[in-house]
Every structure is written in structure tokens, then in C-alpha cells.
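Here is how the chains run, residue by residue.
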Amino acid sequence: ILPGIEGHSQLNENLRRGLVAGGVYRAIPIHPWGRPVPFVGPLITQVDFLGNRLAGIGIAKIVTDYQDKHPDRPVYIVGHSGGGGVAVFTAEAMPEGRQIDGLILLSASISSAYDLKKALSHCRNGIVSFYNKGDSTLLGLGTIVVGTVDGTHGPSAGLIGFDAFDKPGYESLYQVKMVGVSEDSHTTSTQAGFVASFVTPWVLSDSWPVGSTDAYVDETGPLPTPPAAGT
């Protein structure tokens, strides 16, 4: 799991709890990647465009070391917000001939026009991106003013989806629109109930795409929190 610019937080813990509750009984490390500077760290991280790419290179090295020790075991990267962008950078940094099983991007703070072909070439199943057109404060106004983690100014893919219509090489990009989000829209994709219902099927499947192109969130409030694994 790659957190957003806030670093290790309850959001990522909830995300991991949702994966476990949905049946992902695997190692699920949370890997903070930004600048641990008090108070201003998230803002510095968001605009540290070179540092964000270097973080992706470092994570790719962690992945390849794991694959060397444990060949044929699956590796998925789940990135939320800015971590979605770093997940893409990680896939791009994988060595020639190396692949991960897939990227899962949740409300990703990366340009909607970002060229995904190199990242896709390193993903066996592809990339799935969950986007929410109601997330306009952080992934619309915020990325227009401050910028996305890849250094562009405009609406992010986590808000409007990737501009992928009829692009060659994008056949294994899958986009899921979040429908019915009523409040706290930027964090809905990390809630344990949402993750258990909509994200875990992608991790557990050997063949993408999985399920619907829409994720219907309960309009009366957040999805109920699933019980802990084994209960």
C-alpha cells in the first residue's frame, strides 16, 4: 500500500483492514514515500516532483528484491491519492522484462493525460483506477493550484478518469467510477467497507477486468465496516 501525501495514517490502516476483511490473506506492507517534515511535509511532498519519481524507483527496487527471493508470488500495488501517482512511477521503474501483477489506483493525484503505456507494459493484469467526480476540492481545485504528483496543473485522474479513449496500448487500463459518494469523498476509497467490496476482487483475481465499471457507494453514508478476518 502506498499512502497519500499524509504518509502512514488511519486511512492506510483502514485500507489494509478492508483488504484483509475481503479475503486478502497475504503480506500487506504500508510503505510511506514522502517527506516526513512536520506540518508542511504533505505540501512539500505534493510538489516534490523529482523526489516522487525517485520514490517510485526505490519502491521498484524493493519489489524486485522480493521477487528475487520469492519468484512466482503475486505482487499488487495499491496507491491512494498521491500514492497512486507513485504507484505508476514504480511500475515504470521496473527493470526490463519484469512485471508486477497489477496496479490499483484509488483517487489518484496524477494527471488525467499522463502517458500510462510504459507502466502498463510492466503490469501483467493491467491498471485499474477508481475515480470520483465529486472529489473536486483536492483532486480538482487542489491539483489545478498546487499540481499533481507528476508536476502538471489540472484536474487529476482521480477526479475525471484518465484520458484513454481509443489510445493504442491502453487495452489493459480499467476505470471504475465511484457513484453515490455523499461525504468525505477523498477518503471513501480507503474505507474498509469500500475496499472489501470493490477493491479486493481485483487483488484476488488472476484475470482482469473484474466486476462492474461502476462502484455504487451507499448514498445514505459510508459502507458498513466489515468484521475483522476470522470473526
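See the structure shown above.
Criteria and cut-off values
Residues numbered from 1 in each chain as written. Predicted model: local features only at pLDDT ≥ 70, side-chain atom pairs only at ≥ 80, totals over all residues. Heavy atoms only, no water. Pairing = 2+ DSSP bridges. Helix = DSSP H or I, 4+ residues; strand = E, 2+ residues; numbered from the N terminus. Axes fitted to C-alpha atoms, helices over the stretch in contact; angles between N-to-C directions. Contact = heavy atoms within 4.5 Å. Parallel < 35°, antiparallel > 145°, perpendicular 65-115°, else oblique. Left-handed = near helix turned anticlockwise from the far one by under 90°.

Student: Report on the sheet that holds strand 1 (residues 76-80), specifying residues and quantitative values.
Tutor: Pairing is parallel across the open sheet formed by 5 strands, whose spatial order is 1-2-3-4-5. Strands at the two margins of the open sheet, each flanked by one partner only, are strand 1 and strand 5 (214-216). The sheet shows a mean angle of 15° between the axes of neighbouring strands, direction not considered. With 4 bridges connecting them, strand 2 (residues 102-106) and strand 3 (residues 127-131) associate as parallel partners. Residue pairing in the sheet places Leu103 in a bridge with Ile127 of strand 3. Packed onto the sheet, helix 8 (residues 192-204) meets strand 1, strand 2, strand 3, strand 4 (173-179) and strand 5 and runs at close to 165° relative to strand 3.

Student: Can you lay out the packing of helix 1 (residues 10-21) against helix 8 for me, pointing to particular residues and giving the numbers?
Tutor: Taken N-terminus to C-terminus, the directions of helix 1 and helix 8 make an angle of 60°; their axes are 7 Å apart at the nearest point. Here helix 1 lies oblique to helix 8, going by the angle between them. By crossing handedness, the relation of helix 1 to helix 8 is classed as right-handed. Only Ala192, Val195, Ala196, Val199, Thr200 and Val203 of helix 8 make contact with helix 1, whose side of the interface consists of Asn14, Leu15, Arg17, Gly18 and Leu19.

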